[in-house]
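Overview (structure and organization)
For reference, the chains in residue letters:
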Amino acid sequence: MKIVVKFGGSSLASAKQFKKVADIIRADKARRYVVPSAPGKRNDKDEKVTDLLYQCYDAASQGKSYKKILDKIRDRYEEIIDGLHLNVNLDHEFQTIEENFVAGLGREYAASRGEYLNGILMANYLGIPFIDAAEVVFFDEHGNFLSEETNEELSERLAHVERAVIPGFYGSGRDGKIHTFSRGGSDITGSIVARAIHADLYENWTDVSGFLVADPRIVDNPEVIETVTYKELRELSYMGASVLHEDAIFPVRKEGIPIHIRNTNRPEDKGTLIVENTCRKPRHIITGIAGKKGFCSMYIEKAMMNSEVGFGRKVLGVLEDQGISFEHMPSGIDTMTVFIHQTEFVAHEQQVIAGIHRAVAPDFIDLESDLALVAVVGRGMKGNRGTAARVFAALAHARINIKMIDQGSSESNIIVGIRNDDFEDAIRAIYDVFVTSEI
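So, a few notes on the structure that sits alongside this text. Because the structure is predicted, anything quoted here is derived from the model rather than measured. (Residues numbered from 1 in each chain as written. Predicted model: local features only at pLDDT ≥ 70, side-chain atom pairs only at ≥ 80, totals over all residues. Heavy atoms only, no water.)

A closer look at the sheet that holds strand β8 (residues 259–263)
Selection criterion: Here, a strand pair is defined by DSSP locating no fewer than two bridges between the strands. We count a stretch as a helix when DSSP gives it H or I for four or more residues in a row; a strand needs E for two or more, and each element gets its number in order from the N terminus. By definition in these notes, contact holds between two residues if any of their heavy atoms fall within 4.5 Å. Axis angles are defined between N-to-C directions and span 0 to 180 degrees, where every axis is a line fitted to C-alpha atoms and, for a helix, only to the segment in contact.
Read across the sheet, 7 strands follow the order β3-β2-β1-β6-β8-β9-β7 without closing on themselves; strand pairing throughout is mixed. Lying at the two open borders of the sheet, with one neighbouring strand each, are β3 (164–165) and β7 (227–229). Where strand β6 (residues 201–206) and β8 come together, 5 bridges link them in parallel fashion. In the strand pairing of β8, Y202 is matched with I259. Contacts between helix α1 (residues 15–26) and the sheet are confined to β1 (3–7), β2 (31–36) and β6, with β1 contributing the most and set at about 170° to the helix.

So, the packing of aromatic side chains
Applied cut-off: A pair of aromatic rings is counted whenever rings of Phe, Tyr or Trp (Trp by its six-membered ring) have centres within 6.5 Å, and the orientation is called stacked for planes under 30 degrees apart, edge-to-face for over 60 and tilted otherwise. Partly exposed describes any residue whose relative accessible area lies between the buried limit of under 20% and the exposed limit of over 50%, with all areas from a 1.4 Å probe on protein chains only and scaled to the type maximum. Either the NZ atom of lysine or the CZ atom of arginine qualifies as a charge over a ring when it sits within 6 Å of the ring centre and within 35 degrees of the ring normal.
Here the structure, examined in full by the defined rule, presents 9 aromatic pairs. Aromatic pair F7 and W205: ring centres 6.0 Å apart, planes at 20°, arrangement stacked. A residue pair is termed long-range when its members are at least 10 positions apart, and F7 in strand β1 and W205 in strand β6 qualify at 198 residues. The pair F7 / W205 is uniform in exposure class, with both members buried. With a centroid separation of 5.0 Å and 55° between ring planes, the pair formed by F139 and F181 is classed as tilted. Placement of F139 in the loop between α5 (107–126) and α6 (147–158) and of F181 in the loop between β5 (178–180) and α7 (186–196) is noted, with a sequence separation of 42 residues between them. For the pair F139 and F181, a shared accessibility class is recorded, and that class is buried. Put simply, the rings of Y57, F101 and Y109 touch in pairs and so form one group of aromatic residues. Across the ring face of Y125, the terminal group of R26 is positioned such that the distance to the ring centre comes to 5.3 Å.

Quick word on the pattern of salt bridges
It is possible for side chains bearing opposite charge to pair when their charged atoms get close. For clarity, the threshold we go by: Here, a salt bridge means any Lys or Arg side-chain nitrogen found within 4 Å of an Asp or Glu carboxyl oxygen.
The final tally for this structure, using the stated rule, is 26 salt bridges. Salt-bridge contacts for R42 lead to E79; the nearest nitrogen and oxygen are separated by 3.1 Å. Here the residue R42 occupies a position in the loop between β2 and α2 (49–61), and E79 occupies one in helix α3 (residues 67–84), the gap between them amounting to 37 residues. Overall, R42 belongs to the partly exposed group, its relative accessible area being 37%. On the basis of relative accessible area, E79 is assigned to the partly exposed category, the value being 38%. Put simply, R419 and E368 hold a salt bridge, and the shortest N to O gap is 3.3 Å. You can see R419 sitting in strand β15 (residues 413–419) and its partner E368 sitting in strand β13 (residues 364–377), a full 51 residues away along the chain. The class of E368 is partly exposed, set by a relative accessible area of 26%. Salt bridges here are not isolated pairs; linked through shared partners, they connect R42, D46, R76 and E79.

A few points about the side chain of H284
Using the following cut-off: N or O atoms within 3.5 Å of each other form a polar contact, as long as, within protein, one can give a hydrogen and the other can take it, and as long as residues adjacent in sequence are counted only when both atoms are side-chain atoms.
Along the chain, H284 falls in the loop between β9 (272–275) and β10 (288–301). Only 3.1 Å separates the side chain of H284 from the side chain of E223, close enough to count as a polar contact.

A short note on the packing of helix α10 (residues 311–321) against helix α12 (residues 349–360)
Which entries qualify depends on this criterion: Between 65 and 115 degrees an angle is taken as roughly perpendicular, under 35 as roughly parallel, over 145 as roughly antiparallel, and anywhere else as oblique. A clockwise turn of the near helix away from the far one marks a right-handed crossing, whereas an anticlockwise turn of less than a right angle marks a left-handed crossing. In this classification, the charged set is Asp, Glu, Lys and Arg, the nonpolar set is Ala, Val, Leu, Ile, Met, Phe, Trp, Tyr, Cys and Pro, and all remaining amino acids, among them Gly, are polar.
α12 packs onto α10 with a crossing angle of 150° between their chain directions and a minimal axis gap of 9 Å. Judged on the interaxial angle alone, α12 and α10 are roughly antiparallel. Every pair of crossing elements has a handedness; the one defined by α10 and α12 is right-handed. Within the contact between the two elements, α10 uses F311, K314, V315, V318 and L319 and α12 uses V352, G355, I356, A359 and V360. When its residues are assigned to classes, the contact of α10 with α12 shows 8 nonpolar, 1 polar and 1 charged.

What follows is the structure in structure tokens.
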């Protein structure tokens, strides 16, 4: 059995955390490939090493004073080395980093050094080989991840290595230039490694005990989701649930490899298992509730809209011309409503309105701002009568007015548009109806 384990920044923030991680890895011989993040915060007042690296690089590349920040970064690693009694000297690495910062090698290079250095320490502590991600994870000249090239090289490299540490978050282009995934991208690296070795399981260790049914900042002590499908997770991640980087699903999905979200500080907790599909019935009809604020809507009305071929395409073409993406587009026989991120829309609103008038000659256009979207997601909703009615009844009981309703034919999610001010109350109301009342 082969397991890939990825550990987040909070799991590797200090020597004490490193020891917890090593105990977890050594507790199961199948945990053979380790993907570390950069050191995170040790406490609420602390700074993440990646943030310090950005600060240091910006100062050094602009000819400003940077030594104090660099020393602060060096101290973080020296503290881990001393706490673990490692025989490791990073002086040469820091000399190279400093030279490359002053030379302006790039912010992506700067950000990647946190994982790179942590990978060296982790490999030394575990006594297993270190493989620089720049040698096995590839990007094109535009910074786009090269999935198949990476998989081919990584598979070949790891076929000859029983155990290894591969730092997360970064790789390199054909010219050797360092590129990174978006923030939190070590999750993606773990998934890439799992695919390359045909892993039986990808364990993603963090500081929470799995995905929660709702945001704990809104709902007190929400339940942990025991099992969630890739599809459900995509819906929840898209709407704001952020335990796992949403792009981490794709590499393992190609191989049908499950992901297990675990808590480094509470390894006895079950966590959340993410799978392609399952016969396991969910504890509740819904799997999770998530949402986002900060939307606006554009309501377009025109008589006989339904018979005008290409109407929707022309409207969306106007948005595309202004570089604006849309979120949802519920429509009626003579009406269409487009939900858009408000920050994207406001800078171009007059150009959009004028463009729509020229493109489709509407009878009426209305705008509404400060809206939120709430998604209720769950494989248990399919074929279960009355789910939508319960959602709407919960919102009505909480005196929340619904601005938009959108449900796909898969029956696995219902999305409602509401006012920003009603966002938290809406999530609590839905949670109470589907979870609290069923306990």
